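# What the coordinates show
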Amino acid sequence: MSKTIELAQHLEKLHINNMYKADFYWTWDKTDEELDAIFTVADALRDLRERNKSTRIFDSGLGISIFRDNSTRTRFSFASACNLLGLTVQDLDEKKSQIAHGETVRETANMVSFMADVIGIRDDMYIGEGHKYQKTFMDAVDEGYRDGILEQQPTLVNLQCDVDHPTQSMADMLHIIHHFGGVENLKGKKLAMSWAYSPSYGKPLSVPQGIIGLMTRFGMNVVLAHPDGYDVMPEVEEIARKNAAATGGSFTKTDSMAAAFENADIVYPKSWAPFAAMEQRTKLYQAGDQAGIDALEKQLLAQNAQHKDWACTEEMMKKTKNGSALYMHCLPADITGLSCKEGEVDRSVFDRYLVPLYKEASYKPYVIAAMILMAKVKDPVAALMALDCGDKRKLY
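Owing to the predicted nature of the structure, the values given are computational and were not obtained by experimental measurement.

Moving on: the sheet that holds strand 3 (residues 116–123). Taken in spatial order, the four strands of this open sheet run 2-1-3-4, and their pairing is parallel. Because the sheet does not close on itself, it has two edges, and the strands there are strand 2 (88–91) and strand 4 (155–161). The sheet shows a mean angle of 20° between the axes of neighbouring strands, direction not considered. Alignment of strand 3 against strand 4, held across five bridges, turns out to be parallel. Among the inter-strand pairings, isoleucine 119 is bridged to a residue of strand 4, identified as leucine 156.

Right, here's the structure in full:
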């Protein structure tokens, strides 16, 4: 029996009917079994790919990608996921569209969706705007489908918004599951989600929020560490607290990176901007106040510079369990002595974890593909079984 068949049999036991034709906005909207389904299908697709089996569930169709912020890993992961399933990817470049000539979100959404099966959107720069844009876009698509404009109803994959980065946190979680030999081994593990110094400003909050909003669902002891003033959204912290209480884990906060790293099994040092400052930047952006935005940037860079000791150094790593915690990062990291003079992580630490970091990133295409498959296939169990006994990929 192949691994894919074993995974399909596990999938058959899960209650996942609500995933069909559903959008994926953030992880805390999904049940435990629905998250399990994504991990299961991602592993099955990876197994099929490794055995050179065709994974094409579409023979035509589009995956539309809309990146309103820069991206390498997520952009190519979405393209890889669509291609893996048989979809062609078309990137909407807003600079080349008619948006500059007054085209509305509703019009754009329908015009790009005539043969689209999935739409991936990244909009993470401004608090209160990213999720709002995604929702506005998909509401317009849903209306177009109901009105008979679109023959099929495309589904959304949130490729990062101002609140959550579900494809990243899910890929991170799958990496952790495999690293520790199964989800059953995660209970009681300590994970430090820590702010770290960066010489740049304005990094989104959605990565740390995604991590605390997801990892607390697995009975882990999650610690959020940051200097005073670098808070994340309070509503996401509340989600983390409720998750921890329900799973027997814990969610705590500290203003000491050293305390967070102490005896940690996993560390995730990553810079982000203060929630209050990001709210302020959104208001300045809405007012078209570029001078105000520039002044805020100088202020926040100076604020960051007061906390250069918040770095993942060799000494800091020695505080972790056996001095060998799993180091994680969404990438790209600010690497001291390589990408910047002083940054989030020492070059020696980063280089030592290079292979696991790249493995961490490698899960994202399969997670995104699993999100698409679960939204578009009514019987995913039958689909996986058919793929398992289907054709090999053609290599000429």
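After presenting the structure, the write-up continues.
Our next topic: helix 15 (residues 380–388). Considered for burial, the residues of helix 15 that qualify are Pro380, Val381, Ala383, Leu384, Leu387 and Asp388. All buried residues of helix 15 fall inside an arc of 165° around its axis, so they share one side.

Enumeration according to the criterion identifies zero disulfides in this entry. In this structure cysteine 330 is a free cysteine whose sulfur lies 14 Å from that of cysteine 312, the closest cysteine sulfur available. In this structure cysteine 340 is a free cysteine whose sulfur lies 13 Å from that of cysteine 312, the closest cysteine sulfur available. With a relative accessible area of 13%, cysteine 340 lands in the buried category.

Below, the discussion takes up helix 1 (residues 3–12). Among the residues of helix 1, those classed as buried are Thr4, Ile5, Leu7, Ala8 and Leu11. An end-on view of helix 1 places all buried positions within 160° of arc, on one side of the element. For helix 1, the secondary structure elements touched by its buried residues are helix 2 (32–50) and helix 15.

Pairing in this open sheet of five strands is parallel, and the strands run 7-6-5-8-9 from one edge to the other. This sheet does not close on itself; its edge strands, each paired only once, are strand 7 (250–254) and strand 9 (326–327). Pairing of strand 6 (residues 221–225) with strand 7, which is carried by five bridges, proceeds in the parallel orientation. The partner of valine 223 across the bridge, within strand 7, is threonine 252. This element, helix 7 (residues 206–215), spans strand 5 (190–194), strand 6, strand 7 and strand 8 (266–269) of the sheet and lies at about 160° to strand 5.

Rules used in this analysis
- Residues numbered from 1 in each chain as written.
- Predicted model: local features only at pLDDT ≥ 70, side-chain atom pairs only at ≥ 80, totals over all residues.
- Heavy atoms only, no water.
- Pairing = 2+ DSSP bridges.
- Helix = DSSP H or I, 4+ residues; strand = E, 2+ residues; numbered from the N terminus.
- Axes fitted to C-alpha atoms, helices over the stretch in contact; angles between N-to-C directions.
- Buried < 20%, exposed > 50% of the residue type's maximum accessible area, 1.4 Å probe, protein only.
- Arc of directions from axis to C-beta.
- Disulfide = S-S within 2.5 Å.
- Contact = heavy atoms within 4.5 Å.

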